[in-house]
Amino acid sequence: MAKIQMKTPLVEMDGDEMTRIIWQDIKDILLTPYIDLKTEYYDLGLVHRNETDDQVTVDSANATKKYGVAVKCATITPNAARMPEYNLKEMWKSPNGTIRAILDGTVFRTPILVKGITPYIPTWTKPITIARHAYGDVYKNVEMKCPAGSTAELVCTDKDGKETRETIYNFECDGIIQGQHNKSTSIASFARACFNFALDKKQDVWFATKDTISKKYDHTFKDKFEAAGIEYFYTLIDDAVARVIRSNGGYIWACKNYDGDVMSDMVATAYGSLAMMTSVLVSPDGIYEYEAAHGTVQRHYYKHLKGEETSTNSVATLFAWTGALRKRGELDNLPELMNFADCLEKATIETIEDGVMTGDLYLLSTLENKKKVNTVDFLKAVDERLKKLLG
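Residues numbered from 1 in each chain as written. Predicted model: local features only at pLDDT ≥ 70, side-chain atom pairs only at ≥ 80, totals over all residues. Heavy atoms only, no water.

With respect to the secondary-structure elements, P95 resides in helix α5 (residues 95–103). Given the relative accessible area of 0%, P95 is considered buried. Residues P95 and V138, 43 residues apart in the sequence, show an inter-C-alpha distance of 15 Å. Leaving out residues up to four positions away in the same chain, P95 has contacts with L44, R49, T57, T75, I76 and T77. (Helix = DSSP H or I, 4+ residues; strand = E, 2+ residues; numbered from the N terminus. Buried < 20%, exposed > 50% of the residue type's maximum accessible area, 1.4 Å probe, protein only. Contact = heavy atoms within 4.5 Å.)

Put into C-alpha cells, the structure is as follows:
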C-alpha cells in the first residue's frame, strides 16, 4: 500500500520521560508505515530546553503560528527536585504556559469513552468538555516574599504616567504576595472560542467564576461572555462543581486558566483515566496545538530505565497525533489523511473494547474477557485492527 502523502508539515514537539518513549513507538508502529510523515521537529525535552535556555520552546510556538497545526508530547515542568537531576541552569517555566502565552486561545479537553470503563459518577452518561482559558492568571504571575513591616501595593501607571495605587497589605509579620494579569482581548477570544465550539458540537456552555469575591478581575470574564449576546448558563464556581456532579454531562464547561487545569484532571479521572482525554489548544487566529492532557509518567520511565516491563496507556498521546493529522488533512484538503486519523482512533477504541488494554484500564474495566498487555504490545494490537480497517 502506497504511503499517504502530506502537503504541509506538522510542528512536532517531542517531550520527556515515558511519554517520549511512547512518542517514538507510536511513530514507528502506527504512523510512518502508513504516512509519508512530514514534521518540523522541535525537541522540548528538558535536557534540550536547558541547553537552549528554553529558546526551543519559543521557536516551536512561533513555528506553530507559521504552519497552523502542532502536536506536542508531554513535558516536564521542573520543580526543585528536578534541578540536580537534570543539572538545570534555572527552574524553567512550564513549556505549556510559554506556548499558550504565545498562541493565546482556549484548551478544549474531552474524555474518550469506551465500553467497559464506567465513570466513577454513574450519572455521567455523556462526555463533559472542559474549555480552559489558556492565557495568563497564575501561570504568568509574579511573586515575592515580604518581610515584616513592609507594605505591599498594587500600582498601575497609565500611558500618561499617572499612577493608581491600591494597598494590598501592611505586613506585621513575614508574608508573600502574588500578581496576576489577563487581557481583555484574550478573554473575549476565550468567550468566542467557547461559543464557536459549542455551536459546532451543538452543546450548551456553562461558565463559572467567583465574581462575588473578585468583583473586578473575575467579573471582567463574566462581562465578556455576556457581551456575546448568546444564551449560556452562568453560576459561581463552587455551585458549578455541585451541579456538574449531579449532571448527565453533554455540555462544555468554560473555566478560567487555573480552574480548567484542576477541573480537567478531576473530570478525566472521574471518567476513568487521565490518559483517556483529548486536548487541543485553539487560538483566535485558527491555530491548533494537540497534546496529551497528562504528565510524563515518571514512575514508568524509571522502570523502563531499569529494563523492567511497563504497561503505560498511550491513548491520549495517540489521539493527539490523530487530532493533528485530521486537522492537517482538513486544512490541506487531504481526505485520505483524515480517514487514516479516523481509522486509527477507531482501531484504538476497538482494541480496548475487545479486552486488550494497559494496566490502568485493566483495573477499571468491567469486561469479562480482558487482558493486560505491555506498552508496545498494546500499540501492536491497535496496528492489527488498523490494518483491517484500512483494507
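A separate point is the side chain of D16. In this fold, D16 is placed in the loop between β1 (10–14) and α1 (17–31). Judged by relative accessible area, which is 5%, D16 ranks as buried.

Mapped onto the elements of the fold, Q55 is located in helix α3 (residues 55–67). Once the C-alpha coordinates of Q55 and L44 are considered, the two residues, 11 residues apart in sequence, prove to be 9.8 Å apart.

By the definition in use, this model includes 21 salt bridges. For R165, the salt bridge goes to E153, with nearest N and O atoms at 2.6 Å. Pair noted here: R165 is in strand β8 (residues 163–170) and E153 is in strand β7 (residues 151–157), with a separation of 12 residues, a long-range link. The class of R165 is partly exposed, set by a relative accessible area of 44%. Beyond isolated ion pairs, a larger network of salt bridges with shared partners links D14, R20 and D43. (Salt bridge = Lys/Arg side-chain N within 4 Å of Asp/Glu carboxyl O.)

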